[in-house]
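Secondary and tertiary structure notes
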Amino acid sequence: MSPKGAISRRCRLCVEKAALFYAPEPARLAYYWRCPSCGFIFLDPRFLPSRKAAVERYLLHDNTEESEGYVEYLQHFIETCIVPFAPVDRPVLDFGSGPHNPPVLTKLLAQRGYSCDCYDPLFAPTRAWRAKRYGCILLHEVAEHLPKPRHTFAQLPGLLDPGGILAIRTRFPPSESLDFGAWWYRMDSTHIAFYPPEAVEKFLKRLGFRLTISRRPDLLVFTAS
């Protein structure tokens, strides 16, 4: 049975009609929709965190150079998803770069010779990136925070060089609702969007991207045509 007051929703990625997927108890606190067509899962928009609550949650993250585990985590992303595909002589856009200035990911890329621009709607809201072209765009632990992923992803093809890459890191969700309900990644209040790799591939293919890497639990790389 649907939670009281649940409103039918369209998929926020492909706009097909979504079905209710998971409702915790009590359901008035939050519930989630899943698209039967593409598999995308999203938090009902009425339960999205406020801007203030989101900022407070982001500032709790210990994403600094002093965290050896975090640095290793980023280095794995760089070595798997960026270095094999992105030319050093073309700029990189760290889209959704987070609260640190400069972000650790940007500093690690600079050590490898990459020039990196940062954009974050809350912490680095410059719009200069809109007028540039990049060899690589990164969404590192960003996609799960997007309230309008369809709109965000649609901006990216025009920012990439032909043959440029889009590198994404976001945890792929369980396919069963009970597993999703117990999933640790869902528990972060700012994680509002969850992508099976097939959902991202299906959508980005329409935008002219081809899949280059899909690696569980959380890595995707696409190449622009």
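I will try to describe carefully the structure that is included in this document. (Residues numbered from 1 in each chain as written. Predicted model: local features only at pLDDT ≥ 70, side-chain atom pairs only at ≥ 80, totals over all residues. Heavy atoms only, no water.)

Brief notes about the overall build of the protein chain
The helix and strand tally for the protein chain stands at 6 helices and 10 strands. Whereas a compact globule of 225 residues would reach a radius of gyration of roughly 17 Å, the protein chain reaches 17 Å, a difference of no more than 12%. Summarising its shape, the C-alpha atoms of the protein chain cover approximately 55 × 40 × 30 Å along the three principal directions. Sequence-distant contacts, at least 24 apart, represent 67% of the contacts inside the protein chain between residues at least 6 apart. Of the roughly 11100 Å² that the protein chain leaves accessible, carbon and sulfur atoms contribute 52%. Across the protein chain, the 29 positively charged side chains and the 23 negatively charged ones have centroids separated by 10 Å. (Helix = DSSP H or I, 4+ residues; strand = E, 2+ residues; numbered from the N terminus. Rg over C-alpha atoms; globule rule 2.2 N^0.38 Å. Contact = heavy atoms within 4.5 Å. Areas by Shrake-Rupley, 256 points an atom, 1.4 Å probe, with all protein chains shown as cover. Lys, Arg positive; Asp, Glu negative; His and termini not counted. Charge placed at Lys NZ, Arg CZ, Asp CG, Glu CD.)

Points about the sheet that holds strand β1 (residues 19-22)
Taken together, the 4 strands give an open sheet; going across it, the order is β1-β2-β3-β8, and neighbouring strands pair in antiparallel fashion. Since the sheet does not close on itself, it has two edges, and those belong to β1 and β8 (193-194), each with one partner. (Pairing = 2+ DSSP bridges.)

Overview of the sheet that holds strand β6 (residues 134-140)
Overall, mixed pairing links the 6 strands, which are arranged β5-β4-β6-β7-β10-β9 in an open sheet. For this open sheet the edge positions go to β5 (116-119) and β9 (209-215), each flanked by a neighbour on one side alone. Neighbour-to-neighbour, the strand axes of the sheet open up by a mean angle of 20°, direction not taken into account. Pairing of β6 with strand β7 (residues 160-169) involves 6 bridges; the strand directions are parallel. From the neighbouring strand, tyrosine 134 faces β7, where its bridge partner is leucine 160. Contacts from helix α6 (residues 197-206) reach β7, β9 and β10 (219-224) within the one sheet, and its direction differs from that of β10 by about 10°. (Axes fitted to C-alpha atoms, helices over the stretch in contact; angles between N-to-C directions.)

As for the packing of aromatic side chains
Counting across every chain of the model gives 20 aromatic pairs. Between tyrosine 32 and phenylalanine 194, the aromatic rings sit 6.3 Å apart at their centres with planes inclined by 55°, giving tilted as the arrangement. Remark: phenylalanine 194 occurs in strand β8 and tyrosine 32 occurs in strand β2 (residues 32-34); sequence separation between them is 162 residues. Its relative accessible area of 0% is what places phenylalanine 194 among the buried residues. A ring pair is formed by phenylalanine 40 and phenylalanine 42, whose centres lie 5.7 Å apart and whose planes are at 15°; its orientation type is stacked. Here the aromatic cluster, defined as three or more aromatic residues joined through ring pairs, consists of Phe21, Tyr22, Tyr32, Phe180, Trp183, Trp184, Tyr185 and Phe194. (Phe/Tyr/Trp six-rings, centres within 6.5 Å; stacked < 30°, edge-to-face > 60°. Buried < 20%, exposed > 50% of the residue type's maximum accessible area, 1.4 Å probe, protein only.)

Quick look at the pairing of β10
For β10, the tally of buried residues reaches 6 of 6 residues, placing the bulk of the element in the interior. Relative to β10, β7 runs antiparallel, the two sharing 5 bridges. Residue pairing across strands places isoleucine 165 opposite threonine 223, the latter belonging to β10. Pairing between β9 and β10: 6 bridges, direction antiparallel. Pairing of arginine 210 across the sheet is with threonine 223, part of β10. Between β9 and β10, which follow one another and run antiparallel, lie 3 residues.

As far as function goes, none of this settles anything; it's purely spatial.
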